[in-house]
Structures are given as C-alpha cells and as structure tokens.
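Tertiary structure, described
Now for the letters of each chain:
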Amino acid sequence: MPISRRDLLVSTAAVSAASGTAMAQTPLQQPNIVFIMADDLGYADVSCYGRRDLITPGIDRIAAQGTRFIQGYANSPVCSASRTAIMTGRYQLRLPVGLEEPISGPTRRGIGLPPDHPTLPLLLRQAGYSTTLVGKWHLGNPPDFGPHKSGYEHFYGFRGGTLDYFRHTGRTGTPDFWEEDERIEQDGYSTTLFGDRAVSIIGNYARAGRPFLLSLHFNAPHWPWEGPDDRAEAERLRGRDPIHWDGGSQETYRRMIAAMDMQVSRVLQALKDGEIARDTIVVFTSDNGGERFADTWPFSGRKTELLEGGLRVPAIISWPARVRAGHVSEQVTANMDWMPTLLAAAGVASDPRYPPDGMNLLSHLAEGAPVVERSLFWRYKSLWQRAARIGDWKYLKILDNTFLFNVVTDPLERANMKERRPDIYEELTAAWNEWNATMLPEVEHSFTEGFNGSQIADHLGTPPVSQAPDPTLPGSQPPSGQHPSPFAPARQASGGMKP
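No experiment lies behind these values; they were computed from the predicted model shown.

Note the cis peptide between Ala220 and Pro221, where omega equals 0°. By the secondary structure assignment, Pro221 is in the loop between strand E7 (212-217) and helix H6 (231-236). Between Trp297 and Pro298 the backbone carries a cis peptide bond, its omega angle lying at 10°. The topology assignment puts Pro298 in the loop between strand E8 (280-286) and helix H8 (308-311). In this model, His138 sits at a positive phi of 60°, which is unusual for a non-glycine residue. Summarising the element assignment, His138 is placed in the loop between strand E3 (130-136) and strand E4 (154-158). You will see that Trp384, though not glycine, has its phi angle at about 55°, which is positive. Position of Trp384 among the secondary structure elements: in the loop between strand E11 (375-380) and strand E12 (385-390). Residue Trp384 is classed as buried on the basis of its relative accessible area of 6%.

Okay, here's the thing in structure tokens:
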C-alpha cells in the first residue's frame, strides 16, 4: 500500500470534511433514531458476528434489515471515554472528561461532559427532535453535569458506571436509579425495565408524530454477572464489591446477552406496531470491547487494552427508507462516526466551532459510495498504550514494546512487521505523534484502569497499574519528585478495577 506522510496525517480530517457536506439539506421526512448500546459487549458476542453458542435474533434482525460493519472500532477501550466520543463526534482526548478511563471514585470534582459542548441529542433537540435517554449515563453527575444538561429532555436510568441488575445500586452500594432527577425504587431486572420503558416511549412518540431520538443504553452485559433469574446472586453481593472476581460464568453471560436481545426484539416490534419502522434509524453497537467472559474472536485483547479485542465492536445500522438491507461493509468506522452520520440523516448541521473528527457514513450507507481509507488514533494511559490504524496497518505500543501489524491478514496481532516494513512503521508512528500533539496531554491525576495478574490468570505477571503518565510523551505530568512507573506499588495490589 503506497503511503505518504501527508496522506497519513490528514486523511481523517479530509474524510470528515468531505463527508460532512453530503446530505446537508433537510430530508423530506426527518427520521426517528433509536440508538441502542450494549456495555462491554465483545465483537463476536452476537450471532451475526459469529457467536456459535447463542442466537441473538433481535440484533441479527437489525443487521438483516440494514448494514453490518465488520471493521467497527470503539474510540476507547473503556466506557466514559468512548461515550464522550459518541456524544460529541470528536476524539475524547480533546476534553478533560475524555482523559478519565473511566470516570470513577478517584476522578476529580468538576470533571464531566461540559454542558456547553454540542452533543448529538442537543443538536437534534434544537432541530425539533424529542430526546430521551434510557439506561446508562456515566459522563458526570449533577449539579454540574447530567443527561438534561447535554441535550436530553427525559432520563430514566442510572448515572454511574455500574448497576446491580436487581438492587439497582452502584459500586458503593448507593441506590442509583433515577426518573429525571428523582431517585426511584422499582422492582425488576434492569435490562427488562429499560426495555419496558423504551417500548412505552416509542409508543408515545409514534402517537405524537414528532421525530425523536431514543438512546437505549443497556448496562448488559457489564458486571455484576447476573442473569434474569439470578436475584440470589444479587443478594449474595449485597455489601460486597459488584465486580466479584469470584462470580460469573459463560452460561450466565449468555443469559445476560439473551435477555438484552429479547428487549431489542421488543423495541423493533414497537416500531412496527407504531407504523414508524420504515422511517426510523436503528443503531446497535457497544461502547468498547468485551470483558472477561466476552467472545472477541478472531482478535486478542479485551477491555482496557488497545489490542483489537479491546477496540473492535459490533456496529450495525438499519433505515428501511434509505439504507440497503443485508449489506456487509468493510468500511473502517469508529464510534465517533455515529454523530455526524445521524446528524446528516436528519439534515442537521454540526456546530462549526466543534467540527467532528468522525466520518459521515451516509453516502456509503444510502448511495453505495466506495470504501474510504481511514486514519484512526488511540491513546490509553494504563500500560502507556498507543495505537494507530491507517489502511490495513496498525501501530501499537504497550509499555516500551512497539509493534506493526497488518490487522486484515493478521487479526490476532501476532506477526510484528516493524523490522520488515520500517518505512510503514515510521510513517505510522510519525502520524500518531502529530495527532497526539493536537490532543490534551496525559496527566497524573486522571484515572485509568487495567487488569492485572491477581485478577485474571491469563495476565500472569502483570502488576497493578499506576496512574503515572507515559514519561516519553510531550507535556505529560508525572508525579512530582517521583520516577514514573507504569505499575503501582505492591501495597496497591488489592485495589482492583473501578467502575
């Protein structure tokens, strides 16, 4: 593949600018939008992406009615950072909230998605859409932040990073179930409750006849590992850390996914019953790659890692009125692409003060435009990770080890080509450095998480992660008076991951 340094650096911006002009006019009928997001779902955790021991007819139906992207990426391998990119259409590292990997107990006060930053729900609402979030938020708490401050008219769900499926409490055991800004108590399995509310909302919106955005952000299949019949496990975890390294199984995980898929089927049926399915865009994706029980084949790695398994996600979109059915696309995408794509579909312009980094995929989806080569970049503080995907090639850094992979021919990332193709390696690293110079620097006080050998056996020898930034990065801020290390002292080994 012929590569020039200029092409590597500017291709993402050029694609975004060019695609942003497509579909600038308001369509004859603004589509409704149902954006469904799973939490920590692996690339191959649904049957249309290769799951062999589980059938997901609801999610598969979206793919059969639309386009399934097989090279879809998350902007981050953890949720707050990735959700920032989804909401803004921009690299999350442009904002302090995007440095949190993810928002957690140690996160400093005053960190969240800024209310004055344009978001997908805000811009759609200003264009006449009704907007509702059902499920997970995890982008900062009131009074400074929250769904209502970032464009949603209505909110039913939880604010934090995790929720017990039955007790509806967060990581510390505090109740975290909300109707608008009022804490509520409601009996039931959260996946089902979110599906119930989504079906009700669709019915109300269909009768009202106004275009709407429904963001349905499930907490499934994020831990705690509780299926629909596992209320006893929820009681066992009362007063304990819900990450429960002593719980879960492949069977439990399958039941959690199946329960979510059932609710997806109900949502699709509600659209049909309301006679609005043809003019409704349905998106299904995950915030990041899978966790410990996930199926990420044919990739290695998982959540918190810039290996493909931590970044690759299902990415499906249907729109019967415009998008061809049953299509499989090899277009490389990132979840920051959803905002410019959905705005274009609605005929809504992005805010010129905050041009999207994501690509408008509409011409590819609706008009059959050819696949466009992409340049995508990542940075993750844990283990000082860096990555760039340009064309078929990927640059990867973990600690002081660097790699070059052709991830199309070598999706497991086993054959390190940096010595055989030093020209491509140098081009990708130079492009990453120039991109990184436009992002906020790594800082010591931002939170990051990762797995270690005491938690997961296949991470043998990996110590707990510290919060020190990579000292080789320009502008990084290591702890004063200390030699930065990627590992926490041994006394921190019991800290574990945060929500």
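Once you've had a look at it, read on.
Taken together, the four strands give an open sheet; going across it, the order is E11-E12-E13-E14, and neighbouring strands pair in antiparallel fashion. Two strands close off the open sheet at either side, each with one partner strand: E11 and strand E14 (401-406). The mean inter-strand angle of the sheet, taken between neighbouring strand axes irrespective of direction, is 10°. Bridge count between E11 and E12: six bridges; the pairing is antiparallel. Bridging from a neighbouring strand, Ser375 pairs with Ile390 of E12.

Before going further, it helps to spend a moment on the packing of aromatic side chains. Summed over all chains, the structure comprises 20 aromatic pairs. Relative to Phe451, the ring of Trp245 lies with its centre 6.1 Å away and its plane at 80°, an arrangement referred to as edge-to-face. Taken as a pair, Trp245 in the loop between H6 and helix H7 (250-273) and Phe451 in the segment after helix H11 (422-436) lie far apart in primary sequence, 206 residues in all. The exposure class assigned to Trp245 is partly exposed, which follows from its relative accessible area of 32%. Given the relative accessible area of 2%, Phe451 is considered buried. An aromatic cluster of at least three residues, connected via ring pairs, comprises Tyr91, Phe377, Trp432 and Trp435. The ring of Tyr49 is capped by Arg68, whose NZ or CZ atom sits 5.1 Å from the centre of that ring. The aromatic ring of Trp245 is capped on one face by Arg292, whose charged end is 4.1 Å from the ring centroid.

It is worth spelling out the confidence of the model for the protein chain at this point. The share of residues in the protein chain with pLDDT of 70 or more is 90%, and the mean pLDDT across the chain is 91. Every residue in residues 1-25 is under pLDDT 50, and counting partners more than four places away or in other chains gives 47 contacts. Contacts from residues 490-499, a stretch scored under 50 in pLDDT, to residues over four places away or in other chains number 26 contacts.

Rules behind the numbers
- Residues numbered from 1 in each chain as written.
- Predicted model: local features only at pLDDT ≥ 70, side-chain atom pairs only at ≥ 80, totals over all residues.
- Heavy atoms only, no water.
- Helix = DSSP H or I, 4+ residues; strand = E, 2+ residues; numbered from the N terminus.
- Buried < 20%, exposed > 50% of the residue type's maximum accessible area, 1.4 Å probe, protein only.
- Pairing = 2+ DSSP bridges.
- Axes fitted to C-alpha atoms, helices over the stretch in contact; angles between N-to-C directions.
- Phe/Tyr/Trp six-rings, centres within 6.5 Å; stacked < 30°, edge-to-face > 60°.
- Lys NZ or Arg CZ within 6 Å of the ring centre and 35° of its normal.
- pLDDT = per-residue confidence, 0-100.
- Contact = heavy atoms within 4.5 Å.

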